[in-house]
Amino acid sequence: MIYSNKNIILITGGVRSGKSSFAEKIARDNGGKVAFIATAQALDKEMHERINKHRAHRPTDWQTYEEPYNILPIIKKISQQVDVILLDCLTLLVSNLMTNYQEGSENQEINENIMMQVEGIINQSLKSSATLIIVSNEVGLGLVPVNPLGRFFRDTLGKANQFIAANSAKVYLMVAGIPILIKGNNDEKLV
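Everything numeric in this text was worked out from a predicted model, so none of it was measured.

What counts, and where the lines are drawn
- Residues numbered from 1 in each chain as written.
- Predicted model: local features only at pLDDT ≥ 70, side-chain atom pairs only at ≥ 80, totals over all residues.
- Heavy atoms only, no water.
- Phe/Tyr/Trp six-rings, centres within 6.5 Å; stacked < 30°, edge-to-face > 60°.
- Helix = DSSP H or I, 4+ residues; strand = E, 2+ residues; numbered from the N terminus.
- Buried < 20%, exposed > 50% of the residue type's maximum accessible area, 1.4 Å probe, protein only.
- Pairing = 2+ DSSP bridges.
- Axes fitted to C-alpha atoms, helices over the stretch in contact; angles between N-to-C directions.
- Contact = heavy atoms within 4.5 Å.
- Polar contact = N/O pair within 3.5 Å; in protein donor to acceptor, adjacent residues only side chain to side chain.
- Core = buried A, V, L, I, M, F, W, Y, C linked by side-chain atoms within 4.5 Å.
- Salt bridge = Lys/Arg side-chain N within 4 Å of Asp/Glu carboxyl O.

## Remarks on the packing of aromatic side chains
For the structure on display, the rule yields 2 aromatic pairs. Arranged with centres 4.9 Å apart and planes meeting at 70°, the rings of F22 and Y172 form a pair that is edge-to-face. Taken as a pair, F22 in helix α1 (residues 19-30) and Y172 in strand β6 (residues 170-175) lie far apart in primary sequence, 150 residues in all. Per residue, the accessibility class of F22 equals that of Y172, and both read buried. Here the aromatic rings of F36 and W62 are separated by 6.3 Å at their centres, their planes lie at 20°, and the arrangement is stacked. One end of the pair, F36, is in strand β2 (residues 34-38); the other, W62, is in the loop between α2 (45-57) and β3 (63-66), with 26 residues separating them in the sequence. Taken individually, F36 and W62 each receive the classification buried, so the pair is uniform in this respect.

## Comments concerning unusual backbone geometry
The peptide bond linking D88 to C89 adopts the cis configuration, its omega dihedral lying at 10°. Along the polypeptide, C89 turns up in the loop between β4 (84-88) and α4 (90-96). One non-glycine residue with positive phi stands out, namely R16, at about 60°. On the secondary structure map, R16 appears in the loop between β1 (8-13) and α1. The class for R16 is exposed, based on a relative accessible area of 67%. Notably, A176 is not glycine yet its phi reads approximately 50°, a positive angle.

## Some words on the sheet that holds strand β7 (residues 178-183)
A sheet is described by the order of its strands in space; here 7 strands give the open sequence β3-β2-β4-β5-β1-β6-β7, paired in mixed fashion. Whereas interior strands pair on both sides, the edge strands pair on one side only; in this sheet they are β3 and β7. With strand direction ignored, the average angle separating the axes of adjacent strands in the sheet is 20°. Note: β2 against β4, 5 bridges, orientation parallel. Bridge pairing in β4 places F36 opposite L86. Where helix α5 (residues 108-126) meets the sheet, it contacts β1, β4 and β5 (131-137), and its direction lies at approximately 160° from that of β5.

## A short note on the side chain of S17
On the secondary structure map, S17 appears in the loop between β1 and α1. Among the polar contacts listed, one links the side chain of S17 to the backbone oxygen of G14, at a separation of 2.7 Å. For S17, the residues in contact, after removing those within four places along its chain, are M174, A176 and G177.

## Thoughts on the nonpolar core
Core analysis: the largest hydrophobic core is formed by 34 residues, its most contacted members being I37, I85, L90, I134 and I164. For this core, the secondary-structure elements that each account for two or more residues are β1, β2, α3 (72-78), β4, α4, α5, β5 and α6 (148-166). Top contributing element to this core by residue count: α5, with 6 residues. Setting aside residues up to four positions removed in sequence, L90 forms contacts with V118, I134, V135, S136, L157, A160, N161 and I164. Membership of the second largest hydrophobic core comes to 17 residues, among which are I9, I26, V34 and I133.

## A word on the environment of A165
Tracing the backbone through its elements, the reader meets A165 in helix α6. As a C-alpha pair, A165 and I182 span 17 residues in sequence and 9.9 Å in three-dimensional space. Ignoring sequence-local partners within four residues, the contact set of A165 consists of L10, V171 and K183.

## Some words on the pattern of salt bridges
As enumerated under the stated definition, the model contains 4 salt bridges in all. A salt bridge links R50 to E46; the nearest nitrogen and oxygen atoms lie 2.7 Å apart. You can see R50 and its partner E46 sitting in helix α2, 4 residues apart, about one turn around the helix. Note that R55 is salt-bridged to E66, the shortest N-O span being 2.7 Å. One end of the pair, R55, is in helix α2; the other, E66, is in strand β3, with 11 residues separating them in the sequence.

As structure tokens, then:
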């Protein structure tokens, strides 16, 4: 189902294209209270260092929630308390939710669970006056993954991105640090 929501912005693009920096700029420029939902997990030393860099870069007055799996309760809790909710990122959330993937089976339950979470995020944003900014990788421009897990991930994230884009007021594609508005009107200010 497609909903109409003037308060959703999707920022997509390739890895290291400037998605997070641009999302943070929109959140800062909006003014008001910002809540940041981080979905990354520090499963190795490099990710631990990346997460620490992101934490240090983030404004200290932002509320930060680190949750790799179940973000809907957080959004429900804070949606009337803040002006902006920044979810960074959907890509990692989808990856985190695929922990029960089994090669050789259809994994339909995993796909349905992920899409239920995505639809829940959109439904909750309908009840909120907060602007929801979602960061997600664009997976449709690369090579076809060589293994079933990679293809399942690409297909699932692609489907989630399409759903969110259809329900967003604005969609930006980041290319080499340059935001390109591909849906919406630049003259409109989101609340």
